[in-house]
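Below, each chain spelled out in residue letters.
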Amino acid sequence: MKILVCITHVPDTTSRIQFTDGNTRFDKSGVQFIIGPYDDYALARAVELKEESGGSITVLNVGEVETEPTLRKALAIGADEAIRVNAHPADSFFVASQIAQIAKDGSYDLILMGRESIDYNGGMVHGMVGELLDIPSISPVMKLDIEANLGKMSREIEGGKEQIEVALPFIAGCQEPIAEWKIPNMRGIMSARSKPLNVVDPVPGKEMTKVKNYTLPPAKGAVKLIDKDQVEELVQLLKNEAKIL
Amino acid sequence: MSILVYIEQDQGTIKKSSLEAVSYASALSAMQGVEVIAVGLGTVNENEWKKAGQAGANRIYHVSDDRLDAGIIQAHAATLAKVFEKAEANTLIMSKSSLGDAVAARLSIKLQAGLVSNVVSLPELNDGFKVKRSIFTGKAFAETQIETERKILAIKKNTIEIKTDGPEAAVEALSIDIDEKEFAAKIKGTEKAEGEVLLPEADIVVSGGRGLKGPENWGMIEDLAKSLHAACGCSKPVSDMGWRPHHEHVGQTGIKVSPTLYIAIGISGAIQHLAGVNSSKYIVVINKDPEAPFFKSADYGIVGDAFEVVPKLTEAIKAIK
Ligand SMILES: Cc1cc2nc3c(=O)[nH]c(=O)nc-3n(C[C@H](O)[C@H](O)[C@H](O)COP(=O)(O)OP(=O)(O)OC[C@H]3O[C@@H](n4cnc5c(N)ncnc54)[C@H](O)[C@@H]3O)c2cc1C
Ligand SMILES: Nc1ncnc2c1ncn2[C@@H]1O[C@H](COP(=O)(O)O)[C@@H](O)[C@H]1O
């Protein structure tokens, strides 16, 4: 089975988010970048599927040269080759157009993505690629098994889950507990250096949306502490001040 | 021209978040001077439509095909694309949800419509079409311009209050041809927590963390939740250890909630947990450690042992109800 895993290169979940250039650009200074946590689940499941039944794993990122360490890390975790589409990931539609092109060229059996990227949280790219390729896209997927030609999945719905079956090829947007994150071992890290990382030019594609500027939420005021023996006071505050109860 | 609203239903009942989407569309229509048409797919209880009218729909389309009762992503997207043309719409509004996201993305391609998700306010129309969305899991916002003629907005929950004063809207039955191939994904079964308040939709959420020591101690969390008609949530280690089901896991890698009130009990307030709750209107933290980081993000706090404080709080709430 040929598996394509699409990964994002995103700020670590503990990063302080700041903007620069008059709030028109994300400030990367001092920020540590990681494989998107959901993409990491997708990759981990791909590695398990390969261990179970063979095949190959290609990891793909649409991004500039700075994302290569992230792709190398994915190779160290267990992907066989990496592709970087050399372009700024301007918006979801642009990214989806690039991924769709790579997917067509490589005729993969299964495409795994994360449920959403943790920078823009769109949760859109998998659906867009699915539509561009005219194949099913299922998200958010919590469990995925492949039996013969059939994908058996459990998809999260509000307050529960549903069981889905669909024939290959399809796209799944992954989330936990589909697999446990894998930490690269020394052998993985060594072998990643010699695995292919191919850089390809983007196909022409337009953007449908454009970010004009960024803002931060207002700072939270100081917490109002209530004595643990006066819980009635909290109830009164919730009732009269917050007007909730 | 019109604004189309995708109404999601659950076993025949319109989701609260979809009514928010209708009210959002209604506010937008007042700015644009166009009509709001709401569309429901699958079996919907007759008396539910009243709510859509009250929330601000001028007209309602109902595609009652029962194959659409289940949320099959491609089938819903294909149907909505046709309804969009029929309604001569140029904007589609929906609530951000598990199904909504997946459907919106496919529609964006089908309709060549620019899509913005996680929308948190009404658009600005004086210079193009610009709308504010939440990014970096609630840590920031992006003012985003949609450059296409057609537009799709997925609205974050609790962005707008549901209107209840709209007049009744006429319901028109539509029959839409949907290709069999759109039903390629088969739903084989559904498991759902019955009779509970759904976490993503809840107005009040009571969450417990590792400080509660074990699953056997969740009774007091559930009692507190019940007294507030709230949904239960938890931190990631709690669901990882199987103390609580995964669908209660709140945070960066779990459910993002935006309730009016979030009560965190025995949760330290790690940045990844905060990412899932930072758009709550009010946060109450109960933790025995006065240095717990969560207090910095809280509106109200009690420093104390949850095992003492929570039962007392439940009693105090019951006393005023
Ligand atoms: C990439 C990534 C993604 C993550 N995503 C998430 C996520 O989505 N959601 C999430 O929650 N976490 C997430 N985490 C984990 C996160 O970093 C924290 O480890 C986790 O939130 C801690 O859970 P907790 O607060 O329940 O436990 P702890 O940090 O152990 O805190 C327990 C708290 O309970 C208090 N306590 C103990 N006893 C009592 C008592 N008797 N009464 C009152 N208080 C008491 C303690 O003072 C302490 O503050 C993620 C981590 C990573 C690296
Ligand atoms: N620039 C990118 N390169 C490769 N894959 C991406 C990129 N952006 C998004 N994806 C994939 O699409 C998923 C959903 O992203 P999003 O729609 O941005 O939330 C991510 O989890 C990735 O798997």
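Preceding this section is the structure that the text describes.
Conventions used here
Residues numbered from 1 in each chain as written. Chains lettered and ligands numbered in written order. Predicted model: local features only at pLDDT ≥ 70, side-chain atom pairs only at ≥ 80, totals over all residues. Heavy atoms only, no water. Near = heavy atom within 4 Å. Polar contact = N/O pair within 3.5 Å; in protein donor to acceptor, adjacent residues only side chain to side chain. Areas by Shrake-Rupley, 256 points an atom, 1.4 Å probe, with all protein chains shown as cover. Helix = DSSP H or I, 4+ residues; strand = E, 2+ residues; numbered from the N terminus. Nonpolar A, V, L, I, M, F, W, Y, C, P; charged D, E, K, R; others polar. Pairing = 2+ DSSP bridges. Contact = heavy atoms within 4.5 Å. Axes fitted to C-alpha atoms, helices over the stretch in contact; angles between N-to-C directions.

Bringing the site of ligand 2 into the picture now. Residue and element names in this part refer to chain A. Within the structure, ligand 2 sits among 20 residues, and Cys6, Asp39, Ser117, Gly123 and Met124 are positioned closest to it. The backbone of Ile7 places a nitrogen or oxygen atom 3.5 Å from a nitrogen atom of ligand 2. About the coverage of ligand 2: the protein hides 94% of its 490 Å² of free accessible area. Where the shell around ligand 2 is concerned, the elements lending two or more residues are strand S6 (56-63), helix H3 (92-106), strand S8 (110-114) and helix H4 (125-133). Of the residues that constitute the shell around ligand 2, the class distribution is 10 nonpolar, eight polar and two charged.

Quick look at unusual backbone geometry now. The peptide bond linking A:Ser139 to A:Pro140 adopts the cis configuration, its omega dihedral lying at -10°. Relative to the assigned elements, A:Pro140 resides in strand S9 (residues 137-147). The phi angle at B:Lys213 is positive, at roughly 75°, despite the residue not being glycine. You can see B:Lys213 is positioned in the loop between strand S13 (204-208) and helix H5 (219-228). Of note in the backbone geometry, B:His229 takes a positive phi value of approximately 55° without being a glycine. Turning to its location among the elements, B:His229 is positioned in the loop between H5 and strand S14 (231-234).

What follows is about the sheet that holds strand S15 (residues 224-225) of chain A. Across the sheet, six strands lie side by side as S15(A)-S17(B)-S16(B)-S15(B)-S13(B)-S14(B); this open sheet has parallel pairing. With one partner strand each, in any of the chains shown, S15 of chain A together with S14 of chain B form the two edges of the open sheet. Note: S13(B) against strand S15 (residues 261-265) of chain B, five bridges, orientation parallel. Within S15(B), the position partnered with B:Gly208 by the bridge is B:Ile265. Set on the sheet, H5(B) makes contact with S13, S14 and S15 of chain B; between it and S13(B) the angle comes to about 175°. Against the sheet, helix H8 (residues 306-320) of chain B engages S15, strand S16 (282-287) and strand S17 (300-303) of chain B, with an angle of about 135° to S16(B).

What follows deals with the site of ligand 1. All names here are of chain B. For ligand 1, the set of nearby residues contains 28 residues, the closest of which are Arg210, Ser235, Ser268, Gln272 and Asn287. Within the side chain of Gln272, a nitrogen or oxygen atom sits 2.7 Å from an oxygen atom of ligand 1. With respect to ligand 1, the side chain of Asn287 contributes an N or O atom lying 2.7 Å from an oxygen atom. Computed on the free molecule, ligand 1 has an accessible area of 980 Å², of which 81% lies beneath the protein chains in the complex. Going through the elements one at a time, helix H6 (236-240), helix H7 (271-274) and H8 are the ones with two or more residues in the shell around ligand 1. Split into classes, the residues belonging to the shell around ligand 1 amount to seven nonpolar, 15 polar and six charged.

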